[in-house]
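Spelled out from the first residue to the last, the chains are:
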Amino acid sequence: MDIGSSKPSQLQMEAVRHYLIDVVNPDYNFSAGDFCERATIAIHDIHRRGKIPLLVGGTGFYINSFCFGIDDVPEIKETTRIKVASEYDSGNSDLLYEELNRVDPEFALKVHKNDKQRVIRAVSVFRDTGRALSSYFNNKRRNEYLETLFIGISIERESLLKRIDDRVDLMIKKGFVDEVENLRNMGYASSLNSMQSIGYAEINKYIDGIISLKDAVEEIKNNTKRYSKKQMTWFKKNKNVIWFSPGDNKNVSDLIKNWIN
């Protein structure tokens, strides 16, 4: 899953050592807990070499989970998740949301009935453990890395929207459709969590003849823009983030040097 995830190029990975790239196959349900475990191992290795690790990317939930703790939800049996997902996909999303309202009204208030992944997750947790997902939220596993410098890049909204449009167009030119078709030919079903992420979900709809390629591209752009707004809202909640404009390299560099010293 190279193009749709904007995976770093081989040149970039040779210039700076990257971690947690190409670590699982597309049919593995990679969780925030998996990320925290693997990130901890990587960071220990980086520290042993006298280096400072950088956590880079847009997935605020994973970064927050690592730095501030993760809810200690037990592993759910894959058979349970598949059964609940099948119920949802069979047109029973309203019934599942009603079930969620009964067993976990606190969590149900936080999610829309069309939020497929979170509804499936919450119902699966209850069916597997007999406990509401929200009941685990105050039992966090915390990392020892409390001294962290948070740097954010604040891009003017109009500029960001154009960059998203250009990025999606470039993904298509690079062969994104072929990438998704190859994944399906390798046996990775369109129903997998990874294949329902932004970009892959829309291209799968095109391959299945549900929408045109033009509409798929437009959906990817719109869904990415909505996601970027959601992620910016997430990062703005972290009052530790120090924000800079793109290209403000000197001030960023000075901040880092002062922080290290």
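Residues numbered from 1 in each chain as written. Predicted model: local features only at pLDDT ≥ 70, side-chain atom pairs only at ≥ 80, totals over all residues. Heavy atoms only, no water.

A.B. asks: Even after reading the chapter, I still don't get the overall build of the protein chain, so can you show me in this structure?
C.D. replies: Of regular secondary structure, the protein chain possesses 11 helices and 4 strands. Within the protein chain, counting contacts between residues at least 6 apart in sequence, those at least 24 apart form 67% of the total. Total accessible area on the protein chain is roughly 16,400 Å²; 52% of this is exposed by carbon and sulfur atoms. The positive charge centre, built from 39 side chains, and the negative charge centre, built from 37, are 4 Å apart in the protein chain. (Helix = DSSP H or I, 4+ residues; strand = E, 2+ residues; numbered from the N terminus. Contact = heavy atoms within 4.5 Å. Areas by Shrake-Rupley, 256 points an atom, 1.4 Å probe, with all protein chains shown as cover. Lys, Arg positive; Asp, Glu negative; His and termini not counted. Charge placed at Lys NZ, Arg CZ, Asp CG, Glu CD.)

A.B. asks: Where do I start with the nonpolar core in this structure?
C.D. replies: Most often, soluble globular proteins keep nonpolar side chains buried together rather than apart. Residues Leu 100 and Val 119 are the most contacted members of the largest nonpolar core, which totals 18 residues. Contributing elements (two or more residues each) for this core: helix 4 (78-103), helix 5 (105-108) and helix 6 (116-129). Ranked by residue count, the leading element in this core is helix 4, at 6 residues. If we ignore the near neighbours within four places in the chain, the residues touching Val 119 are Tyr 88, Leu 96, Tyr 97, Leu 100, Val 111, His 112 and Lys 113. (Core = buried A, V, L, I, M, F, W, Y, C linked by side-chain atoms within 4.5 Å. Buried < 20%, exposed > 50% of the residue type's maximum accessible area, 1.4 Å probe, protein only.)

A.B. asks: Would you take a moment to explain helix 3 (residues 60-68) for this structure?
C.D. replies: Working note: α-helix, 3.6 residues per turn, so residues spaced by three or four point in the same direction. Burial in helix 3 covers these residues: Gly 60, Ile 63, Ser 65, Phe 66 and Cys 67. A positive phi of about 115° marks Gly 69, the residue just after helix 3.

A.B. asks: Sorry, what's going on with the packing of helix 9 (residues 200-207) against helix 10 (residues 213-236) here?
C.D. replies: Packed helices, taken two at a time, are described by the angle their axes make and the gap between the axes. Contact geometry of helix 9 with helix 10 gives a least axis separation of 9 Å together with a crossing angle of 165°. One finds that helix 9 runs roughly antiparallel with respect to helix 10. Judged by the sense of rotation from one axis to the other, the crossing of helix 9 with helix 10 is right-handed. Of helix 10, the residues touching helix 9 (which contributes Glu 202, Ile 203, Lys 205 and Tyr 206) are Leu 213, Ala 216, Glu 219, Ile 220 and Asn 223. (Axes fitted to C-alpha atoms, helices over the stretch in contact; angles between N-to-C directions. Parallel < 35°, antiparallel > 145°, perpendicular 65-115°, else oblique. Left-handed = near helix turned anticlockwise from the far one by under 90°.)

A.B. asks: Help me understand the environment of Ala 216 in this model?
C.D. replies: Its place among the elements puts Ala 216 in helix 10. Counting along the chain gives 11 residues from Ala 216 to Lys 205, while the straight-line C-alpha distance between them is 7.4 Å.

A.B. asks: What exactly am I supposed to notice about a nonpolar patch on the surface here?
C.D. replies: Side chains of Ile 52, Leu 54, Val 56, Ile 151, Ile 153, Ile 256, Trp 259 and Ile 260 sit close together on the surface and give an oily, nonpolar patch of about 750 Å² of accessible area. Every element with two or more residues in the nonpolar patch is listed here: strand 3 (150-153) and helix 11 (249-260). As for its position among the elements, Ile 52 is in the loop between helix 2 (32-48) and helix 3. We classify Ile 52 as partly exposed; its relative accessible area is 44%. (Patch = residues over 30% accessible without salt bridge, like charges linked within 9 Å, V, L, I, M, F, W, Y side chains within 5 Å. Salt bridge = Lys/Arg side-chain N within 4 Å of Asp/Glu carboxyl O.)

A.B. asks: I keep staring at unusual backbone geometry and nothing clicks. Help me out?
C.D. replies: A positive phi angle, close to 60°, is found at Leu 20, a residue other than glycine. Considering the arrangement of structural elements, one finds Leu 20 in the loop between helix 1 (10-15) and helix 2. Despite not being glycine, Asp 22 has its phi angle at roughly 60°, a positive value. With respect to the helices, strands and loops of the structure, Asp 22 is situated in the loop between helix 1 and helix 2.

A.B. asks: Just to check I follow, could you spell out the pairing of strand 3 for this structure?
C.D. replies: If a strand is regular, its side chains alternate between the two faces of the sheet. Every second residue of strand 3 is oriented toward a common face, the buried set being Phe 150 and Gly 152 and the non-buried set Ile 151 and Ile 153. The pairing of strand 3 with strand 4 (residues 241-244) spans 4 bridges and is classified as parallel. By the bridge assignment for strand 4, Gly 152 is matched with Trp 243. (Pairing = 2+ DSSP bridges.)

A.B. asks: What is the right way to read the pattern of salt bridges from this model?
C.D. replies: On inspection of all chains with the given rule, the structure shows 19 salt bridges. Between Asp 128 and Lys 77 there is a salt bridge, and its shortest N-O distance comes to 2.8 Å. Placement of the pair is Asp 128 in helix 6 and Lys 77 in the loop between strand 1 (70-71) and helix 4, with a sequence separation of 51 residues. We classify Asp 128 as partly exposed; its relative accessible area is 21%. Here Glu 219 makes a salt bridge to Lys 205, at a shortest N to O gap of 3.0 Å. Here Glu 219 is found in helix 10, whereas its partner Lys 205 is found in helix 9, with 14 residues between them in sequence. Among the charged side chains, a salt-bridge network with shared partners connects Arg 17, Asp 45, Arg 48 and Arg 49.

A.B. asks: Please clarify how the side chain of Lys 225 should be interpreted in this entry.
C.D. replies: Mapped onto the secondary structure, Lys 225 falls in helix 10. When sequence neighbours within four positions are dropped, the list of residues in contact with Lys 225 reads Arg 157, Leu 161, Ile 164 and Asp 165.

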